[in-house]
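The residues making up each chain are set out below.
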Amino acid sequence: MKKLFIVDAMALIYRSFYAFGRSLSNSEGLPTSAIFGTAMFMNKLIREENPDYLIVVTDTKEPTFRHEIYKEYKANRDDMPDELVEQLPFIYDLFKAYQAEAVKMPGYEADDIIGTLARKYGSSELEVNIVSGDKDFMQLMSEHVYLYTAKKNEPAQKIGVDEVFERFKCAPDHVIDVLALMGDKSDNVPGVHGIGEKGATKLVSEFEDLDGIYANIDSISGKKQKERLVEHRENAYLSKHLVTIKTDVDVDLSLEDFRCTEASVANQDLLYLFNKLEFRQLAKKVEDSLGSKANLTTKIAESDLSESRLEVLSGQAVNAKNYVNVSAISKAILSEIKDSKVFSFAIEADVLDYVVDPAERVGIFIPSGKGWSIPLTVINSKVLAGVFADNSLVKIGHGLKRYYQLLNNAGIVLGGQLVDTKICDYLLDPNSNQHDFVAVCQKRIPHWASKIPAIENQTLPLVHSAEGVYQLYNEMIPLIKEAGMESVLYDIEMPLLPILAQMEQCGVFIDTTFLAEYSEELATKADSITKDIYEIAGEEFNINSPKQLQVILFEKLKVHEKLGIKKIKKTKSGYSTDESVLTQLSEDPIAKLILDYRQIAKLKGTYVDALPAHVNKETGRLHTTFHQTVAATGRLSSNNPNLQNIPMRTEMGRKIRKAFRAASDDDVLISADYSQVEIRLLAHLADATELIEAFKNGLDIHKVTAAKIFSVPESEVSSTLRSRAKAINFGIIYGMGPQRLSRETGVTVNEAKEFIERYFEVYPTIRAFTNGLLQEAKELGYATTLTGRRRPIVGINDSNRGIAVHAENTAVNSPIQGGAADIIKLAMIKIQ
């Protein structure tokens, strides 16, 4: 079984800092305790645990959805010690040198990204270990996910489902209820005053969750405990929202980018860092592994881990003689900005809410080298409104969607010619998930990036940032032209940006009363199903506990034997109880009921109860965030909350969509969608005349395909044959092979092979088209959409067949999915 280790960066950094005290420093006076402790731990982890994959996850400075729910969240935390702040750039360089560059996402805590990755990758083929000492992660434990906690002078503790049950007397799913009752002083989570871990554990073990506790409040014997629960009920449910780790963050990364090898602990970057930081024993270990001493002088020029960063931290100032703080904008300044024809800018704001909070100050840089830091007073805003709306001026920023909103809240509309350097970097490097300003500067303009730590200590940091944005613009625009992506940038992405900004600020109305009523309805259904499950089982048990479920299904009822099923997926603790196994057993009533119970629990917890918590108190609407720089194909993604995955496959799921309605009788919702846009695009690109004719004549495309593949008249195509044809129609777009088609349709692998072969016989131009895409990707190293968007195809010529097959699927899928994404973006622009 392969192993993925996910490191909670800040937990490790703080632990290292305090473990080694504040006494360690190098000869230049740089404190090194946290850097040294982190290096020692990473070395030990990689050498002893031998992970196949290693991901480091960290927080950002931006507020998260938890701050929106509860403004006091983490409010009583002390500032990070100065000695630790000084070490952070080197620690992140260290992670990069270990080939595990830190992953982060604005708006989310590291916990949420870790939770998402753990849920996404934990399987019977990949064991996930979360490296942290934080008990909150115990809610994520499963048969494939463990908490890996380092111990001083003894082996690390590995916590799984059993250990969670031993501590909290409940399944991992209900650890959030224990944590909600306890509260957390360090995070300022209120909890229920007077109830500690022991009391919370007892309550949850007896009543399962908060709903169960409050449904049975009258049967709680302790008078004081009962009074506290009643008094602090609102805090209990608020705390549950705060402590619940999200597992559906739209994290777009490739696991292969985080593969851990022998080179992870023995490479030139590590050797350079260890020597510079004077970690002699660690440096010697790397030298011994490499076999010879590296030439460090050449590394300074070759690596992002550059000498200049260390010198800047030692106090080297940034030249800022042409930058000025101004209280009011003179005609001369205005004239210089307009004459420049192009300017870059950065914004400062005390932002808790992008929907309503205004920008407070703007830094402007012009190509001549001059720059101004300007407070956005009422008068200055009026003057600058004309500049930012001027069609003749090119405005450059990094992350312009947020700038658009902050300026808009200050009475300034950002219009005319815009260039977002964040989007430029995304177009050039769509497979990366690091498009924030510092990361892009380090990648594109490393010499300028080395000034960043010092810039933060300057009096005019905004103008320095604006200068960096201009440097990025100069660096990337020629590369955009060379790649033939000017049209994608200027005709698709940039016109769409203000539209997305307006969509986010406008928000969408949801009927919270309807959802509250539906929540009660689902709770009643869940209770009814629970009783039916208990009746069949002949006893009450924790339905959410995989271990207890194993006992009921496979030891007591022996459901698999009753159905004559011999091959069932196993875990370390016995037979698996995941969805695939329950589906396998679903002809038996108890398995079907458990699937129904899980579906209701997911709908209730993930959508029905969660969506109202995201409603903005000032606007009364939901304000999601749309991402232009996440999905490598060019698709938009949405989070906080994700409005692109509201259920629609089941009747119960579809009912949630009824909550999305026009806010009043005077408002109208318009729904616009393409019909099978990806298959239409495939037909167009491959010039599949029969498919094109079927579309033109308004025929059922899946029936047409079924009739051709299975050689039956369209009138005789059964729902089963249509379903198989549909799987093939969409599967070809995603590079689906016979194994996956077999799994999705229930046919044998040989039959699936025949279906695919027959499909290509029926539509021969599609085979020629997909073969052409593969050949082009192998020769050029990238795939291109019909609008000119490029996606690098990594590993298509790899000797490892598994890696090559994944790359081939991507090469076929990207032009179609990316092309469809561009068509929809163009439609959004035209509709607006």
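Since we're looking at a predicted model, the values are computed, not measured.

**Q** Before we go on, may I ask you to explain the overall build of the protein in this structure?
**A** Along the backbone of the protein there are 39 helices and 17 strands. For 832 residues, the compact-globule estimate of 2.2 N^0.38 gives 28 Å, and the C-alpha radius of gyration of the protein, at 29 Å, lies within 12% of that figure. A principal-axis box enclosing the C-alpha atoms of the protein has dimensions of 80 × 70 × 70 Å. For the protein, the residues scored as buried account for 51% of the 832 residues in total. For the protein, the computed accessible surface area is about 38,700 Å², with 49% contributed by carbon and sulfur atoms. Positive and negative side-chain charges in the protein, numbering 97 and 115 respectively, have mean positions lying 1 Å apart.

**Q** When you look at the pattern of salt bridges in this model, what are you seeing that I'm missing?
**A** Pairing between side chains of opposite charge can happen when their charged atoms approach one another. Counted according to the given criterion, the structure contains 36 salt bridges. Note that K443 is salt-bridged to D425, the shortest N-O span being 3.1 Å. With K443 in helix α21 (residues 437-444) and D425 in helix α20 (residues 421-428), the pair connects residues that are 18 residues apart, well separated along the chain. The class for D425 is buried, based on a relative accessible area of 0%. The closest approach of N and O atoms between D609 and K604, which form a salt bridge, is 2.8 Å. A residue is classified by how much of its surface remains accessible, and K604, at 14% relative accessible area, is buried. When salt bridges that share partners are traced, they join R66, K74, E109 and D112 into one network.

**Q** How should the pairing of strand β5 (residues 154-159) be read in this particular structure?
**A** In this sheet, β5 lies alongside strand β4 (residues 145-151) in antiparallel orientation, the contact comprising 4 bridges. Paired with T149 across the bridge in β5 is Q157. The hairpin turn running from β4 into β5, its antiparallel successor, is 2 residues long, and N153 in that turn takes a positive phi close to 60°.

**Q** Please explain the packing of helix α32 (residues 677-686) against helix α39 (residues 801-831) as it appears in this structure.
**A** Packed helices, taken two at a time, are described by the angle between their axes plus the distance between the axes. One can describe the packing of α32 onto α39 by two numbers: an axis separation of 9 Å at closest approach and a directional angle of 115°. As far as their axial angle goes, α39 and α32 are roughly perpendicular. The chirality of how α32 crosses α39 is right-handed. Two secondary-structure elements touch here, α32 through V677, E678, L681 and L682 and α39 through P815, I816, Q817, G819, A820, I823 and I824.

**Q** Would you mind showing me how to read the sheet that holds strand β7 (residues 342-348) here?
**A** One open sheet accounts for 6 strands, arranged β6-β9-β8-β7-β10-β11; its pairing is mixed. For this open sheet the edge positions go to β6 (323-325) and β11 (417-420), each flanked by a neighbour on one side alone. The mean angle between the axes of side-by-side strands here comes to 25°, regardless of whether they run parallel or antiparallel. In this sheet, strand β8 (residues 361-365) lies alongside β7 in antiparallel orientation, the contact comprising 5 bridges.

**Q** Is there a simple way to think about the pairing of strand β3 (residues 126-131) in this case?
**A** It is a general feature of regular strands that their side chains alternate between the two faces of the sheet. Counting buried positions along β3 yields 6 of 6 residues, so the element is predominantly enclosed. Neither face of β3 is left uncovered, since the one carrying L126, V128 and I130 and the one carrying E127, N129 and V131 both have all their residues buried. Pairing analysis gives 4 bridges linking β3 to β4, with the strands arranged parallel. Among the inter-strand pairings, N129 is bridged to a residue of β4, identified as Y146.

**Q** Would you take a moment to explain the sheet that holds β3 for this structure?
**A** Strand pairing in a sheet takes place through backbone hydrogen bonds and is either antiparallel or parallel in direction. Judged by pairing direction, the sheet is mixed, and its 5 strands sit side by side in the order β2-β1-β3-β4-β5 without closing on themselves. Looking along the sheet, the strands with just one partner apiece sit at the ends: β2 (53-57) and β5. Going across the sheet, the axis of each strand differs from the next one's by a mean of 25°, ignoring polarity. Both strand β1 (residues 2-8) and β3 contribute to a ladder of 6 bridges, which runs parallel. Among the inter-strand pairings, V7 is bridged to a residue of β3, identified as V131. Sheet contacts for helix α6 (residues 110-121): β1, β2, β3 and β4; angle to β1, the most-contacted strand, approximately 170°.

**Q** What is the right way to read helix α8 (residues 175-182) from this model?
**A** Three- or four-residue spacings in an α-helix give side chains the same orientation, since the helix completes a turn every 3.6 residues. Burial within α8 is extensive, with 8 of its 8 residues counted as buried. Every buried residue belonging to α8 is among V175, I176, D177, V178, L179, A180, L181 and M182, and all of these are buried. Along its buried surface, α8 packs onto α7 (161-168), α9 (197-207), α10 (210-215), α11 (223-231) and α12 (233-243). One or two residues past the end of α8 sits G183, with phi positive at roughly 70°.

**Q** Would you explain unusual backbone geometry in this entry?
**A** Across residues other than glycine, the phi torsion is negative in most instances, and most of the peptide bonds are trans. Here N640 and P641 are connected by a cis peptide whose omega angle stands at -5°. Along the polypeptide, P641 turns up in the loop between β15 (637-639) and α31 (651-656). A positive phi is found at Q99, a non-glycine position, where the angle reads about 65°. Of the residues examined, Q99 reaches a relative accessible area of 33% and is grouped as partly exposed. The backbone of Q676 sits at a positive phi, close to 50°, despite the residue not being glycine. Note on placement: Q676 falls in the loop between α31 and α32.

**Q** Explanation requested: the nonpolar core in the structure shown.
**A** Taken as a class, soluble globular proteins show a tendency for nonpolar side chains to be buried jointly. Of all hydrophobic cores here, the largest spans 65 residues; its most connected members are F343, F345, V362, I364, L384, F388 and L407. With 10 residues, helix α24 (residues 461-482) is the single largest residue contributor to this core. Apart from the residues lying within four places of it in its own chain, the contact partners of L384 are I329, V362, I364, I374, L376 and I412. Residues V103, V128, L140 and M141 belong to the second largest nonpolar core, which totals 61 residues.

**Q** How should I be thinking about the state of the cysteines in this particular structure?
**A** Two cysteines joined by a covalent bond between their sulfur atoms form a disulfide. Enumeration according to the criterion identifies 0 disulfides in this entry. The cysteine C441 is free of any disulfide, with C424 supplying the nearest cysteine sulfur at 13 Å. Here C441 falls in the buried class, since its relative accessible area comes to 0%.

Conventions adopted
Residues numbered from 1 in each chain as written. Predicted model: local features only at pLDDT ≥ 70, side-chain atom pairs only at ≥ 80, totals over all residues. Heavy atoms only, no water. Helix = DSSP H or I, 4+ residues; strand = E, 2+ residues; numbered from the N terminus. Rg over C-alpha atoms; globule rule 2.2 N^0.38 Å. Buried < 20%, exposed > 50% of the residue type's maximum accessible area, 1.4 Å probe, protein only. Areas by Shrake-Rupley, 256 points an atom, 1.4 Å probe, with all protein chains shown as cover. Lys, Arg positive; Asp, Glu negative; His and termini not counted. Charge placed at Lys NZ, Arg CZ, Asp CG, Glu CD. Salt bridge = Lys/Arg side-chain N within 4 Å of Asp/Glu carboxyl O. Pairing = 2+ DSSP bridges. Axes fitted to C-alpha atoms, helices over the stretch in contact; angles between N-to-C directions. Parallel < 35°, antiparallel > 145°, perpendicular 65-115°, else oblique. Left-handed = near helix turned anticlockwise from the far one by under 90°. Contact = heavy atoms within 4.5 Å. Core = buried A, V, L, I, M, F, W, Y, C linked by side-chain atoms within 4.5 Å. Disulfide = S-S within 2.5 Å.

Any link to function would need more than the numbers given here.
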